Amino acid sequence: MLQIKNLHASVEDKEILKGINLEVKAGEVHAIMGPNGAGKSTLSAVIAGNENFEVTEGEIILDGEDLADLAPEERAHKGVFLSFQYPVEIPGVSVTNFMKTAINESRKAKGLEDMPASEMLKLIKEKSELLEIDRKFLSRSLNEGFSGGEKKRNEIFQMAMLDPKIAILDETDSGLDIDALRIVANGVNKLKNENNAVIVITHYQRLLDYIVPDFVHVLHDGKIVKTGGKELALELEEKGYDWLK
Ligand code: ADP
Ligand code: MG
Ligand code: MG
C-alpha cells in the first residue's frame with residue numbers, strides 16, 4: 001500500500017531524513033519510535049506533503065502512485081490522513097459541520113456531488129456510535145477549549161469519517177494522559193481493517209500497550225536503525241535508545 005524508498009528530506013538545507021525505507025501493507029499497524037529530534041514528525045509531515053520540507057531524494061508511493069507532485073489536500077483525497085491536520089479553533093463551527101464540509105470538499109475533488117444529507121447523518125451516527133462519541137460533543141465548536149482527550153476524540157472522529165487508506169498518528173503531545181491514550185488506542189483498534197493501515201508515531205511505549213503493532217521501527221538521526229515486532233517496544237522501554245546509536 002505505502003512504499004517509502006530511500007527518502008531524504010531537508011529543511012533550510014539541513015538534512016533531517018537520511019534515507020528512510022519503509023513498506024506498509026494493508027491491514028498492518030506500524031509503530032515508529034525513537035528519541036526526540038530523530039525525525040519522526042518530519043517523516044509524517046513529508047508523507048502528508050508538508051511544503052516546509054524539501055524531498056531531495058527517494059520516493060513515497062501509495063498504491064503504485066508516486067506522491068511527489070501532489071499537494072497535501074490531494075494526498076488527503078487519495079487516502080492519506082495525518083492527525084492534527086486541522087488543529088485550528090473555529091468558534092461557531094461545530095465538530096459535525098466542520099466534518100460535513102471536509103467530506104464534501106473531498107467528494108468535490110473527486111468530481112462527486114455533495115453527500116445527501118440523510119446519508120451524511122447516517123454516517124455521522126454510525127461513526128459516533130462506534131466510537132462512543134456523544135451528541136453534545138458533536139455540536140461543540142471545533143477545538144475551542146478542548147481538553148487533550150477531546151482533541152484526540154475529535155481526531156479519531158475525523159479519521160473515522162474520512163476512512164483513510166493510511167492513517168498517520170503523530171503522538172507528539174507529551175502531556176497526553178492515560179485517558180487520551182485510551183481514546184486513540186480504542187479508536188485505532190475499532191477503525192483498522194484489512195483495507196487500511198496505520199502508522200503510530202510515539203516515543204512512549206505506553207501507547208503500544210493498547211495498540212498492538214505488527215512492526216516497530218526505531219528512527220534515529222533520520223534513519224530507521226532497527227525493526228522488530230511488538231517485543232521491540234518492550235525492549236526499548238527497558239533499555240532506552242542509547243544501545244541503538
Ligand atoms: P521528532 O518528531 O522525532 O522529535 P522532528 O521531526 O520534530 O523530530 O525533528 C527532527 C529534527 O529536525 C530536529 O533536529 C528539529 O530541530 C529539526 N526540524 C524539524 N522541523 C524543523 C523546521 N521547520 N525548521 C528547522 N528545523 C526543523
Ligand atoms: Mg519531537
Ligand atoms: Mg515529533
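Below or above, wherever it landed, is the structure these notes cover.

Conventions used here
Residues numbered from 1 in each chain as written. Chains lettered and ligands numbered in written order. Predicted model: local features only at pLDDT ≥ 70, side-chain atom pairs only at ≥ 80, totals over all residues. Helix = DSSP H or I, 4+ residues; strand = E, 2+ residues; numbered from the N terminus. Rg over C-alpha atoms; globule rule 2.2 N^0.38 Å. Buried ≥ 20, exposed ≤ 12 C-beta atoms within 10 Å, placed from the backbone. Contact = placed C-beta atoms within 7 Å. Pairing = 2+ DSSP bridges. Axes fitted to C-alpha atoms, helices over the stretch in contact; angles between N-to-C directions. Parallel < 35°, antiparallel > 145°, perpendicular 65-115°, else oblique. Near = placed C-beta within 6 Å. Nonpolar A, V, L, I, M, F, W, Y, C, P; charged D, E, K, R; others polar. Expected span 1.5 Å × (residues − 1).

### A word on the overall build of the protein chain
Link 1 in the chain: The helix and strand inventory of the protein chain stands at eight helices and 12 strands.
Link 2 in the chain: Taking 2.2 N^0.38 as the reference for a compact globule, 245 residues should give roughly 18 Å; the C-alpha atoms of the protein chain span a radius of gyration of 18 Å, in line with that estimate.
Link 3 in the chain: Seen through its C-alpha atoms, the protein chain measures out along the principal axes to roughly 55 × 40 × 35 Å.
Link 4 in the chain: Expressed as a percentage of the 245 residues in the protein chain, the buried residues total 36%.
Link 5 in the chain: Considering only contacts in the protein chain between residues 6 or more positions apart, those separated by 24 or more positions represent 73%.

### Quick notes on the pairing of strand 1 (residues 2-11)
Link 1 in the chain: Relative to strand 2 (residues 14-24), strand 1 is paired through eight bridges, and the arrangement is antiparallel. The residue bridging S10 from the neighbouring strand is E15, located in strand 2.
Link 2 in the chain: Counting the residues in the hairpin turn of strand 1 and strand 2 gives two residues, including E12, whose phi is positive at 45 degrees.

### Points about the packing of helix 6 (residues 148-162) against helix 7 (residues 178-191)
Link 1 in the chain: Relative to each other, helix 6 and helix 7 sit at 10 degrees, their axes nearing to 8 Å. Regarding the angle of helix 6 to helix 7, the classification is roughly parallel. Counting all contacts with helix 6, which are made through G148, G149, K152, R153, I156, M159 and A160, the residues of helix 7 involved are D179, A180, I183, V184, G187 and L191.

### Regarding the site of ligand 1
Link 1 in the chain: In the region of ligand 1, the neighbouring residues are V11, E12, I16, G34, N36, G37, A38, G39, K40, S41, T42 and N52.
Link 2 in the chain: Tallying contributions element by element places helix 1 (residues 40-48) first for the shell around ligand 1, with three residues.
Link 3 in the chain: In terms of residue class, the shell around ligand 1 is made up of three nonpolar, seven polar and two charged.

### Describing helix 1
Within an α-helix, residues lying three or four positions from one another point in the same direction, as the helix has 3.6 residues per turn.
Link 1 in the chain: With eight of its nine residues buried, helix 1 lies for the most part within the structure.
Link 2 in the chain: Among the residues making up helix 1, those that are buried are K40, T42, L43, S44, A45, V46, I47 and A48.
Link 3 in the chain: One or two steps after helix 1, the chain reaches G49, where phi turns positive at roughly 95 degrees.

### Observations concerning helix 6
Link 1 in the chain: The end-to-end C-alpha distance of helix 6, which contains 15 residues, comes to 21 Å, matching closely the 21 Å that a straight helix rising 1.5 Å per residue would cover.
Link 2 in the chain: Looking at helix 6, one finds that the buried residues are K152, R153, N154, E155, I156, F157, Q158, M159, A160 and M161.
Link 3 in the chain: Buried residues in helix 6 make contact with strand 6 (80-82), helix 3 (95-109), helix 4 (117-130), helix 5 (135-138), strand 9 (166-170) and helix 7.
Link 4 in the chain: Within two residues after helix 6, D163 carries a phi angle of roughly 50 degrees, on the positive side.

### Describing the pairing of strand 10 (residues 197-201)
Link 1 in the chain: Of all the five residues making up strand 10, five are buried; the element is thus mostly covered by neighbouring parts of the structure.
Link 2 in the chain: Taking every second residue as pointing to the same face, both faces of strand 10 are buried, with A197, I199 and I201 on one and V198 and V200 on the other.
Link 3 in the chain: One ladder, built from four bridges, connects strand 3 (residues 29-33) with strand 10; its direction is parallel. Bridge pairing links H30 to I199 in strand 10.
Link 4 in the chain: Relative to strand 10, strand 9 runs parallel, the two being bridged by five bridges. The partner of A167 across the bridge, within strand 10, is V198.

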